[in-house]
Amino acid sequence: QVQLVESGGGLVQPGGSLRLSCAASGSIFSIYTRGWYRQVPGKQRELVANITKGGSTNYADSVKGRFTISRDNAKNTVYLQMNSLKPEDTAVYYCNTKTPIREYWGRGTQVTVSS
């Protein structure tokens, strides 16, 4: 019954903002590193950002200074605040949780940045 569900995607204009959320159910993910990945057609899935249980963060160079990852362990939820969005940010965004034995993935949420 372990499940990750993303929400908050949509269509925005360049320069706009979105806040993605990923809620976990069926287990407690507060002790594991969680992250956001994205994928566009014809390209491999890439790391956008991740965050450890202690709050240490890591970002792709392409989003540094624009995106912020955070987590609320009491709610088993991880967030991605995306500001100053560019058309190049258009992708399906996936939530991820890493454990010592396997990774868990959400189904993805579409983010489209277009004028």
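See the structure above.
Residues numbered from 1 in each chain as written. Predicted model: local features only at pLDDT ≥ 70, side-chain atom pairs only at ≥ 80, totals over all residues. Heavy atoms only, no water.

Here the focus is the packing of aromatic side chains. This model, assessed by the stated rule, comprises one aromatic pair. Taking the ring centre of Tyr79 as reference, the NZ or CZ of Arg19 above it sits at 4.3 Å. Seen from the ring of Trp105, Arg45 lies directly overhead, with NZ or CZ sitting 4.7 Å from the centre. (Phe/Tyr/Trp six-rings, centres within 6.5 Å; stacked < 30°, edge-to-face > 60°. Lys NZ or Arg CZ within 6 Å of the ring centre and 35° of its normal.)

Right, let's talk about the state of the cysteines for a bit. Disulfide: a covalent bond connecting the sulfur atoms of a pair of cysteines. Under the defined criterion, the tally for this structure stands at one disulfide. Here Cys22 engages in a disulfide with Cys95; their sulfurs sit 2.1 Å apart. The disulfide joining Cys22 to Cys95 has a torsion of about -90° about its S-S bond and is therefore left-handed. Here the residue Cys22 occupies a position in strand β3 (residues 18–25), and Cys95 occupies one in strand β9 (residues 91–98), the gap between them amounting to 73 residues. Given a relative accessible area of 0%, Cys95 falls into the buried group. (Disulfide = S-S within 2.5 Å. Helix = DSSP H or I, 4+ residues; strand = E, 2+ residues; numbered from the N terminus. Buried < 20%, exposed > 50% of the residue type's maximum accessible area, 1.4 Å probe, protein only.)

A word on the pairing of strand β7 (residues 67–72). Alternating residues of β7 divide into Phe67, Ile69 and Arg71, all buried, and Thr68, Ser70 and Asp72, none buried. Pairing between β7 and strand β8 (residues 77–82): six bridges, direction antiparallel. From the neighbouring strand, Arg71 faces β8, where its bridge partner is Val78. In this antiparallel pair of consecutive strands, β7 and β8, the connection spans four residues, and Asn76 shows a positive phi of 55°. (Pairing = 2+ DSSP bridges.)

What follows covers the sheet that holds β8. Spatially, four strands are ordered β1-β3-β8-β7 in an open sheet, and the strand pairing comes out antiparallel. At either margin of the open sheet sits one strand with a lone partner, and together these are β1 (3–7) and β7. Between one strand axis and the next, the sheet turns by 15° as a mean value, whatever way the strands run. (Axes fitted to C-alpha atoms, helices over the stretch in contact; angles between N-to-C directions.)

Here we come to the pairing of strand β5 (residues 46–51). The pairing of strand β4 (residues 34–39) with β5 spans five bridges and is antiparallel. When the bridges of β5 are listed, Arg38 appears paired with Glu46. Sheet topology note: the β5/strand β6 (residues 57–59) ladder contains three bridges and is antiparallel. Each bridged residue has a counterpart across the sheet, and for Ile51 the counterpart in β6 is Thr57.

Everything listed here is a matter of geometry and, on its own, says nothing about what the molecule does.
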